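Chain by chain, the residues:
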Amino acid sequence: TVRTSTTATPKKQNHPSLPISIMGRRNDKRQRDEPAESDNPNLPRPKRMRTNTGDNAPRTSTWASAKRENAAFEAYYKGVGLPAVEAEWDEFYASLTRNLPTTFRVNPVFHLRPMIVQRLKDHFVPVIARNYAAQQQIIQQRLAEIEAEKAQAALAPPSETPDVPVPAEGEGSSSSSSSSSSGDSAAVAPSATTTSFNPRTLSDDLLADWEFFEPPQALSWFPEEDAAWTFFASRGTLKKDSNLKEFHEFIKSCNDVGALTRQEAVSMIPPLFMDVKADHAVLDLCAAPGSKTTQLLEAMHLDAGVGNLPSGVVIANEIDDKRCYMLTHQANRLSSPSYICTNHPAQFFPNVYLPHHPEDNPKGEKPFLFDRVLADVPCSGDGTLRKNFDLWGKWSINLGLGLHKVQVQVAFRGLQLLKAGGRMVYSTCSFNPVEDEAVVAELLRRCRGTVEVVDVSSLYPTLRRTPGVSTWRVQDKTGKWCDSLASASTRCKCRWRSEGCSC
């Protein structure tokens, strides 16, 4: 159930004391600017003029040609003090500039799961492998041809271009029309917007940016065998490449019926470490768009066994009411009775009181607590640069500094709603220690020994990971680096102190 507020739009009246909706004012302005329409339905409707300024200006670039660099981002992560990033900087930065692979997870409790996995392994993997091998061979030949042409052009002596006589008026149009209507002898130039694979028509610049991809592969670190897959082709390539049309339609149809869920690989990790059981009460504080919520529901049904319903519940909370509809749509694909959707700010999630229970809560005064809590908090999102290309131009240190307070509040509220002996997983989509380790350190300081960090390094040993850090440098909004609180300015000391100030 989604809790939303319903408001009525006031009717437009000619009374100065009555409000007029914003949409009404926009419609009034549109009606004044546009010419009046005739009552005769046979007459054509007046067309709105399009200008080449403002929002209507033609697009000169696409996401593929967007510049993927940010000097402030490079300077910050080279100096913040993350050993893993500094040791593998070239590989780290190169991976951020590549397109995000397509990953999906097969529902382990779907009744046709064996057939879906078999279709993937026996049909799509061999077909895409053959296409991949053929594409590799043709592109390598084309690259060799381009290099040979460049070498031949460099050795050839320069030649003057002869003057070409300009045809008289009417001759150019007649010759063009005759050549275009000459049937078999006419050659049609390939369109610049062609999306099908034809490497022999690609220039050397396009070949340099051409996306090579391998067949779909199962993620080896995922616990269920053949349950999570990755395909090294971006979402745009999967949509536009004609060779992948059948595979794309297969992914879409299976996703619509709940047989699989398209989900980024790193997004699958936090639900795994929660270790959800069939009788657990689980709270997902920031649940939209819902891929982690569906994974939690699938884990609960998988633990219950075939033919049994879990006795636990998953409460998915989201602050945005519009995203709640998206969240509910994702969960409804599973048809699970163990799902509840709420609409609250995560840091102010209310206490839940159940009816009187004679054993542990005879007066109904104790709030309901959860066995598992997932706090996937709002963050700067610099770990999503492979899909959010506009973030390259928007990223700044202010994003992480501004969200730290909210992240602490959301995670601390999750701990308040957690049972003794329960587990909370805190996760972000950011590399920034201000949003990661600093939040965990503040939670430990506030809780004063009532919570502890769980060592999960032995779980999923094939999953590549790096340990967290205990020291890092902090950069303020002016760009100044601070190695300790003593080196910070007076204003920064006041902002960084969690309780009180002694500046």
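All of the points below concern the structure found in this document.

This part covers a positive patch on the surface. Together, Arg-235, Lys-239, Lys-240 and Arg-262 line one region of the surface with positive charge. For the positive patch, the element with the highest residue contribution is helix α8 (residues 235–240), accounting for three residues. Along the chain, Lys-239 turns up in helix α8. Among the residues examined, Lys-239 registers a relative accessible area of 52% and is labelled exposed.

The biggest cluster of nonpolar side chains holds 28 residues, and the ones touching the most others in it are Leu-219, Trp-221, Phe-222, Met-274, Val-282 and Tyr-339. When contributions to this core are tallied by element, the ones reaching two or more residues are α10 (269–274), α11 (291–304), β6 (313–317), α12 (321–332) and β7 (339–342). Among the elements that make up this core, the one with the highest residue count is α10 (four residues). Leu-283, Ala-346, Phe-349 and Tyr-426 belong to the second-largest nonpolar core, a separate cluster that totals 22 residues.

Before going further, it helps to examine the pairing of β6. Of all the five residues making up β6, four are buried; the element is thus mostly covered by neighbouring parts of the structure. Sheet topology places strand β5 (residues 281–284) next to β6; four bridges connect them, and they run parallel. Its bridge partner being in β6, Leu-283 is matched across the sheet by Ile-315. Of the crossover connections in this fold, the one passing from β5 over α11 to the parallel β6 is right-handed. As defined by bridge partners, β6 adjoins β7 across four bridges and the pair is classed as parallel. Residue pairing across strands places Ala-316 opposite Cys-341, the latter belonging to β7. One crossover worth recording links β6 to the parallel β7 by way of α12, and it is right-handed.

The next subject is the sheet that holds strand β8 (residues 370–376). In space, the five strands of this open sheet follow the order β7-β6-β5-β8-β9, with parallel pairing throughout. The sheet is open, and its two edges are formed by β7 and β9 (418–427), each paired on a single side. In this sheet, neighbouring strand axes are inclined to one another by 15° on average, regardless of whether the strands run parallel or antiparallel. Sheet contacts for α12: β6 and β7; angle to β7, the most-contacted strand, approximately 175°.

This next bit is on the pattern of salt bridges. Tallied over the entire structure, the rule returns 17 salt bridges. Here Arg-119 ties to Glu-246 by a salt bridge, and the two come within 3.2 Å at their closest N and O atoms. With a gap of 127 residues between them, Arg-119 in helix α5 (residues 113–155) and Glu-246 in helix α9 (residues 245–256) connect regions that are remote in the sequence. Judged by its relative accessible area of 36%, Arg-119 is partly exposed. Ionic pairing is found between Glu-442 and Arg-446, a salt bridge with its closest N-O pair at 2.9 Å. Highlighted residues: Glu-442 and Arg-446, both in helix α15 (residues 437–447), separated by four residues, approximately one helical turn. Overall, the relative accessible area of 10% leaves Glu-442 in the buried class.

Calculation rules
- Residue indices begin from 1 for each chain and proceed along its sequence in written order.
- Predicted model: local features are reported for residues with pLDDT of at least 70 only, side-chain atom pairs are reported and counted for 80 or more only, and whole-chain, interface and lining totals are derived from all residues.
- As a rule here, side-chain values come from all non-hydrogen atoms in the structure, and water together with hydrogens is ignored.
- Patch membership requires more than 30% relative accessible area and the absence of a salt bridge. Residues of like charge join within 9 Å; the nonpolar side chains Val, Leu, Ile, Met, Phe, Trp and Tyr join within 5 Å.
- We get accessible surface area from the Shrake-Rupley algorithm with a probe of 1.4 Å; when it comes to residues, only the shown protein chains can shield them.
- What makes a salt bridge here is a side-chain nitrogen of Lys or Arg within 4 Å of a carboxyl oxygen of Asp or Glu, nothing more.
- Neither His nor the chain ends is counted toward charge; the positive residues are Lys and Arg and the negative residues Asp and Glu.
- Each charge is placed at NZ for Lys, CZ for Arg, CG for Asp and CD for Glu.
- Here a strand is any run of E in DSSP of at least two residues, a helix any run of H or I of at least four, and the numbering for each starts at the N terminus.
- Residue exposure (1.4 Å probe, protein chains only): buried if accessible area is under 20% of the type maximum, exposed if over 50%, otherwise partly exposed.
- Here, nonpolar core refers to any group of buried Ala, Val, Leu, Ile, Met, Phe, Trp, Tyr and Cys residues whose side-chain atoms link them within 4.5 Å.
- Strand pairing is defined by DSSP finding a minimum of two bridges between the two strands.
- If the strands point away from the viewer and the path from the first strand over the helix to the second runs clockwise, then the crossover is right-handed.
- Orientation is described by axes fitted as lines to C-alpha atoms, over the contacting stretch for helices, and by angles from 0 to 180 degrees between their N-to-C directions.
- Should any heavy atoms of two residues lie within 4.5 Å, those residues are counted as being in contact.

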